[in-house]
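So the chains spell out like this:
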Amino acid sequence: LPACRDSKLFIKDLHFDEVPVRIYFPRAPSAGKRRGFIFFHGGCGMFGSIRCYERVCRYIARKSDSVVVSVGYRLSPENKYPAQTLDCLTATVHFLKTAENYGVDAGRIIVCGDSAGGTFTATVCQELVNRRDIPKIRAQVLIYPFLQALNFNLPSHQKNAFAAFLSRERAVRFILKYLSKDCSMKEAVLAGSHVPECINLKYSKWINPELIPEVFKVGYKPPLPASFLPHVHEETKELLKTRLSPLLAEDAVVCCLPDTCIITCQHDVLRDDGLLYKKRLEDNNVKVSWYHVEEGFH
């Protein structure tokens, strides 16, 4: 939808350091500065837009009485990775620095995103952990986020392998397309052949079916070990970087993250990404609120 008149909101299209944004201001007067809410839309970095999420952002602004900033980051493949993450980071830093110009308390700004937007949210929060020149993000909200490309054989991948809209196969195909990689490597990545044994061992403490609660592992069968394919690893190294797989961040970063809300869905291949991140955050004494939608899907 285009920006149009709303009886409860002022809506403006602006640019934050050349990144397009749409801001939603509640019309009702406020006794003090409002909360700020930065929203990154989903779509695997290739789909979606400010216009697609118009209703969502209006709803958030009205119900929370917050100033909402919807970020129109550039899309792949026309704009190569990591342009999407960098745009989200640029818009977030700009808003944190200029919050008062929009009647927002810079100490009460939340970052939120769904699916790939959840990836961007997690990455932005991690990359800002050590910044001392801007206010701290108050909280992050991750709505069925994609958080790791190390293991596509977790219980939720098996259980929801053929789920409507986002199947296991389609998820990997989208990721490869997002990175402008050859999709013929899809089967190798699905099998885990892109990961050297030493990396599997290093991160097994964080990405492991054993860390998933038993209630979510009904019917799970451990896959057979896959043969490592060096050429696939070389072509897909970005999959194992924290900018694309925030679950691989070191504890020194994770322990400094803001309060977090994670939303997972039962019928979603990405469900276990959220569950594993929840555990990592809790293990590092980060306050986590978790909401699981039993009959929900991606």
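Rules used throughout
Numbers given to residues run from 1 along each chain, matching the order in which its sequence is written. Selection of residues for local features in this predicted model requires a pLDDT of at least 70, selection of side-chain atom pairs for listing and counting requires 80 or more, and totals for whole chains, interfaces and linings are taken over all residues. Heavy atoms from the whole structure form the basis of all side-chain values; hydrogens and water molecules are not counted. What counts as a salt bridge is simple: a side-chain nitrogen of Lys or Arg found within 4 Å of a carboxyl oxygen of Asp or Glu. A run of H or I in DSSP becomes a helix once it reaches four residues, and a run of E becomes a strand once it reaches two; helices and strands are each numbered from the N terminus. Burial classes: relative accessible area under 20% of the type maximum marks a residue as buried, over 50% as exposed, and values in between as partly exposed (1.4 Å probe, protein chains only). Note that the domain bounds were set by an automatic or database domain assignment. In what follows, a contact means two residues having at least one pair of non-hydrogen atoms within 4.5 Å. In short, buried area is how much 1.4 Å probe accessible area vanishes from two parts on joining, totalled over both. If DSSP finds at least two bridges between two strands, the strands pair. Orientation is described by lines fitted to C-alpha atoms, with helices fitted over the stretch in contact, and by angles between N-to-C directions that extend from 0 to 180 degrees. UniProt positions are given in the numbering used here, feature names are shortened, and annotations may be inferred rather than shown by experiment.

J.: Looking at this model, I keep getting lost on the pattern of salt bridges. Mind explaining?
T.: Opposite charge on two side chains allows them to pair when their charged atoms are near. In this structure the tally under the stated criterion is 22 salt bridges. When the shortest N-O distance is used, the salt bridge between arginine 62 and aspartate 6 registers 2.8 Å. Here aspartate 6 lies in the segment before β1 (9–16) and arginine 62 lies in helix α1 (residues 54–64), a separation of 56 residues in the sequence. Assessed through its relative accessible area of 36%, arginine 62 is described here as partly exposed. Among the ionic pairs, glutamate 169 bridges to arginine 173, the shortest N-O distance being 3.0 Å. Taken together, the positions of glutamate 169 and arginine 173, both in helix α5 (residues 168–178) and 4 residues apart, correspond to about one turn of that helix. Given a relative accessible area of 28%, glutamate 169 falls into the partly exposed group. Each member of the salt-bridge network shares a partner with another, and the members are Asp6, Asp13, Arg22, Glu54, Arg58 and Arg62.

J.: Hey, could you run me through the domain arrangement of the protein in this one?
T.: Interfaces are often described in size by the accessible area the parts lose on coming together. One can read the domain layout of the protein as domain 1 (9–148 + 244–297) and domain 2 (155–240). For domain 1 versus domain 2, the distance between C-alpha centres works out to 25 Å. The partner domain 2 presents 28 residues to the 34 residues of domain 1 that form the contact. The junction of domain 1 with domain 2 conceals about 2700 Å² of combined surface from both sides, 69% of it contributed by carbon and sulfur atoms. Sorting the residues of domain 1 by area buried against domain 2 places Leu244, Leu248 and Val269 first, and these three jointly supply 25% of that buried surface.

J.: What is the right way to look at the sheet that holds strand β2 (residues 19–26) in this model?
T.: Strands in a sheet are paired, the pairing made by backbone hydrogen bonds, and the direction either parallel or antiparallel. Taken in spatial order, the 8 strands of this open sheet run β1-β2-β4-β3-β5-β6-β7-β8, and their pairing is mixed. Of all strands in the sheet, those with a lone pairing partner are β1 and β8 (288–297), marking the two edges. Adjacent strand axes in the sheet meet at a mean angle of 20° when their direction is disregarded. Pairing of strand β7 (residues 259–267) with β8, which is carried by 7 bridges, proceeds in the parallel orientation. Paired with threonine 260 across the two strands is valine 288, which belongs to β8.

J.: In this structure, what is going on with the UniProt feature "domain: Alpha/beta hydrolase fold-3" (unreviewed entry) in the protein? I would like to understand it.
T.: When the UniProt feature table is mapped onto this chain numbering, "domain: Alpha/beta hydrolase fold-3" (unreviewed entry) sits at residues 38–181 and 238–298. Secondary structure across residues 38–181 comprises 38% helix and 17% strand; the distance between its end C-alpha atoms is 30 Å. Taken end to end, residues 238–298 comprises 28% helix and 31% strand; its first and last C-alpha atoms sit 24 Å apart.

J.: Explain the pairing of β1 to me, please; I cannot follow it from the model alone.
T.: The side chains of a regular strand alternate, first on one face of the sheet and then on the other. With 8 bridges connecting them, β1 and β2 associate as antiparallel partners. Bridged to isoleucine 11 within β2 is tyrosine 24. The hairpin turn running from β1 into β2, its antiparallel successor, is 2 residues long, and aspartate 17 in that turn takes a positive phi close to 50°.

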